[in-house]
Amino acid sequence: MFLHSLRARIALVFVMLMLVAQAAAFVVINSVIVKNAHRNAEEQLSVAERVFAQVLHGNSEQLTQAASVVAADFGFREAVATHDGKTVGSALRNHGDRVHADVVMLVDLDGKLIADSADVGHEGMAFPFPKLIRTVATKGDASSFGMIGGRAYQLVAVPVKAPITIAWVVMGFAIDDALAREMSSLTSLDVSFLTVNDNGEWGVLASSLPQDARAALKDQAQLAEDGYATRILRLHSEGQAVAVLLERSMNEALAPFHRLQSTLLLITLLGVIVSVVGSMLTARSVTRPIAALAQFSKRIGRGDYAEPIEIRQNDEIGELARAFNQMQEGIAERERRITELAYMDRLTGLPNRALFNDRLQQAIAAAMRGNHPLAVMMMDLDRFKYVNDTLGHPIGDMLLCEVAKRLRAALLRETDTVARLGGDEFAVLLPTDDLPAARLLAQRMLRALEEPITIEGQLVDVGASIGIVTFPHNGTDMNVLLRRADIAMYVAKRSNLGYALYDERHDQNSAERLSLMSELRQAVEHDQLTLHYQPKVDLATHRVKYVEALVRWEHPTRGFVAPDQFIPFAEQTGYIKTISRWVADKAIGQCAAWRAQGIELAVSVNVSARELIQSSLPETFDALLHKHGVAPEWIWIEITESAIMDDPNHAIETLDRLHALGIRLSIDDFGTGYSSLSYLKRMPVDELKIDKSFVMGMSQHKDDETIVRSTIDLGHNMGLKVVAEGVESQEMLERLRALRCDLAQGFHLSRPLPPAKLEAWLAEWTVGNQQALAVAREQT
Ligand code: C2E
Ligand code: CA
Ligand code: CA
């Protein structure tokens, strides 16, 4: 665990290195010291050996000289020759004492003791070292070691000449502890004199060692083991072998080095401690900034870019810290960019749907906590597609930017949000406002868009539809609020109201919608739908050549359901396709049936915006015309103006194909869809139907009459027939006739009727017409 940290590992490596280095130095130095001590000891031994030889040689010279002096003394020689024992004895003693000889003897030519100064031997005894005398006789002088009476001596012999050799003077020093100590002080070694028997066993003759240490002197191997360097010198001896043992205690020899060793050990130890502390500090100075960087990157990980890391160092770690700071800035910048891209609409710079939803969610939470209302508005531009298609996408984009600018300017408060949800759809969030404020803002927004917009010299005219919901009145869930704002917006659009507040009646709940859907399916399958036909009367001839087919639903339990109540729903769900096919089949079949009866009626069929976009519409009609054997010019198709203006290019394409089949086209509800003249010119239409709201308003409002009149003129100028619908009175009929309107349709003439009733009405109308014509003819 401890070793997982970088700091510990660095410290450990340092300490190990240091230890190895110190240990190696210690071992090397130590071995040098020991080797040196041994060499020193050896050298000392060699020196001692030479000194020893020198001393022995000196002793031998001294003895020889003293002996020679005695031997040369005239009186002594005479005493020897005359066998004067007394004189010989005192002369020997005197001269021996002068050099402190321990033994002085006179030996005759037969090798027998004549005199002995120290009474070591006795008169007449054979001299124990004949070889010494033989050697001196041949070589001139000699020295030897030997044992006399259990003691060892260094001996020399000198001839007594008169003038031929008549005897031998032998003089010697005893080998005793005093000599050993003297030698020891000269060589600073322990010196012992030993006898060595035939088995190599040692006996101690004399020694510089204290008494108790002498017992340990057994053999050289034992001494080496005990820590002594030794040297053995065999002395030239007669009889039992005599040797000198020189000893050097290695412990003593090493003593000064031991001090050096402990000093060295101390230094090593200090080195280790210093290196431990040093490596810890180094490790910390490395790992502390690393820990700080790790902390810093964790902060970045959490998305905290508030502060950069502090840089104190100028080394690699400082460089790393700088790189971290650059990375932090880079990440922060990119995140800003990403957030911008994720939450901004790039064209207009307004918040996008994601951000709007975010803010709405937060606003809802805040409103719940604070127990206050909030309002949401959904806005859709009218005729935007038309602008986009006619003037091009770049203009469309500029228009959206201009709209965005105006909406932003229309906001009253900083806290309000206007967002572009996509396409020409915008949304507004008023986080603390209730209905009155929302209504006011909706009006401001609409007014802002009423101001003419000029883009690259082109005057562009757009309007908008706004749906308003409030929290908590219309819901407390974000998705519910948004969906309901959308529904309210569609209500505003359909009814040309500008803005609309959400109302529950707009929005059947989904269960109800689901059952309506299945009921609508049954309606087609169980033949609950029927078609009623409403005649269009020719205002000039009073003849009826055209009828409009209008769908009816005889619901088994609800009774009669008006098309306004299920057609919009069918459009939303896509079921309109099935209904339309059914209607077209039925209407074209009816047309064929009437023709077979000799009733020549052209039948108009209503088509929804959705189907217009659907490109298979012409094929469907073509197939039905063939199925029933009906000529295409007997069938008319009515399309509302707003359906065309939703997507003019697409609509024109489908209309062209229908027209190519020979089918006639009529623009329904004309006057409500803001179509431009240039568009009308491009469309292959044959008829305009003035919206019934203008026709019915004609008697009250001057404006409406103006619209009706100018529509009639416009249609005629373009070579189109003009139909007025919603004619509810004779007065309206007369007025329209005066305005030279071509056809009239309305309750005043006839309600939409089932086929049989229409046939009856037609018969009556024709008779009435004839009578009226007859009356008219009579009057003229
Ligand atoms: P629309 O195409 O404008 O049809 C004319 C509507 O005006 C019919 O309502 C008709 O009954 C009504 N009307 C006729 N004369 C008068 C009058 O003098 N005064 C008044 N107040 N109203 C009059 P209806 O049949 O309820 O149809 C409503 C709408 O339903 C139609 O408006 C049409 O848009 C749609 N619709 C009807 N049948 C079909 C169909 O088969 N297919 C499609 N796609 N839509 C249909
Ligand atoms: Ca119609
Ligand atoms: Ca109409």
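Note that this is a predicted model, so its numbers are computed, not measured.

Trainee: Honestly, the coordination of the calcium ion (ligand 3) in this entry has me stumped. Any pointers?
Mentor: Ideal coordination angles are 109.5 degrees for a metal with four donors arranged tetrahedrally and 90 or 180 degrees for a metal with six donors arranged octahedrally. The calcium ion (ligand 3) binds to the protein through Asp668 (OD), Asp669 (OD), Glu725 (OE) and Glu725 (OE); the donor distances cover 1.9 to 2.7 Å. All donors to the calcium ion (ligand 3) come from one chain, and their sequence spacing reads D-D-x55-E.

Trainee: Whenever I open this one, the UniProt feature "transmembrane region" (unreviewed entry) in the protein chain confuses me. Can you help?
Mentor: The feature "transmembrane region" (unreviewed entry), as annotated in UniProt, sits at residues 264-283 in this numbering. The straight-line gap between the two end C-alpha atoms of residues 264-283 is 28 Å; of that span, 100% is helix and 0% is strand.

Trainee: Hey, could you run me through the coordination of the calcium ion (ligand 2) in this one?
Mentor: Every protein donor of the calcium ion (ligand 2) is accounted for by Glu548 (OE), Asn606 (OD1), Glu638 (OE) and Asp668 (OD), and the metal-donor separations fall at 2.1 to 2.3 Å. Here the calcium ion (ligand 2) and the calcium ion (ligand 3) are spaced 4.2 Å apart, linked through Asp668, which binds each one. One end of the pair, Glu638, is in strand β21 (residues 635-640); the other, Asp668, is in strand β22 (residues 664-670), and 30 residues separate them in sequence. Overall, Glu638 belongs to the buried group, its relative accessible area being 1%.

Trainee: It is not clear to me how the domain arrangement of the protein chain should be interpreted in this structure. Could you clarify?
Mentor: By a widespread convention, an interface's size corresponds to the accessible area lost as its parts come together. Considered domain by domain, the protein chain is made up of domain 1 (63-252), domain 2 (344-507) and domain 3 (532-775). Each of domain 1 and domain 2 was reduced to a C-alpha centroid, and the two centroids are 141 Å apart.

Trainee: Help me understand the pattern of salt bridges, please; the structure alone is not making it clear to me.
Mentor: Where charged atoms of side chains with opposite charge meet at close range, the side chains can pair. Scanning all chains against the criterion turns up 24 salt bridges. One salt bridge connects Asp177 with Arg214, and the closest N-O pair in it is separated by 3.0 Å. In this pair, Asp177 sits in helix α5 (residues 177-187) while Arg214 sits in helix α6 (residues 211-214), placing the two residues 37 residues apart along the sequence. Connected through salt bridges with shared partners, the residues Lys536, Glu548, Glu638, Glu687, Lys689 and Glu725 form a single ionic network.

Trainee: Just checking my understanding: could you explain the environment of Ile576 for this structure?
Mentor: Position of Ile576 among the secondary structure elements: in helix α17 (residues 576-597). Measuring from C-alpha to C-alpha, the distance between Ile576 and Val88 comes to 174 Å, with 488 residues separating the pair along the chain.

Trainee: Could you clarify how one ought to interpret helix α19 (residues 617-628) in this entry?
Mentor: Because each turn of an α-helix spans 3.6 residues, side chains separated by three or four positions end up pointing in the same direction. With 12 residues, α19 should reach 16 Å at 1.5 Å per residue; the first-to-last C-alpha distance of 17 Å fits that figure. Residues of α19 that are buried: Leu617, Pro618, Phe621, Leu624 and Leu625. Each buried residue of α19 sits inside an arc of 130° when the element is viewed along its axis, so together they form one side. In α19, the exposed positions angled more than 90 degrees off the buried face are occupied by His626 and Lys627. Of the surrounding secondary structure, the elements contacted by the buried residues of α19 are α17, β20 (602-607), α18 (609-613), β21 and α21 (648-661). One or two steps after α19, the chain reaches Gly629, where phi turns positive at roughly 65°.

How each quantity is defined
Residues numbered from 1 in each chain as written. Chains lettered and ligands numbered in written order. Predicted model: local features only at pLDDT ≥ 70, side-chain atom pairs only at ≥ 80, totals over all residues. Heavy atoms only, no water. Donors = N, O, S within 2.8 Å, 3.2 Å for Na, K, Ca; no water. UniProt positions renumbered as here; feature names shortened; annotations may be inferred. Helix = DSSP H or I, 4+ residues; strand = E, 2+ residues; numbered from the N terminus. Buried < 20%, exposed > 50% of the residue type's maximum accessible area, 1.4 Å probe, protein only. Domains from an automatic or database assignment. Salt bridge = Lys/Arg side-chain N within 4 Å of Asp/Glu carboxyl O. Expected span 1.5 Å × (residues − 1). Arc of directions from axis to C-beta. Contact = heavy atoms within 4.5 Å.

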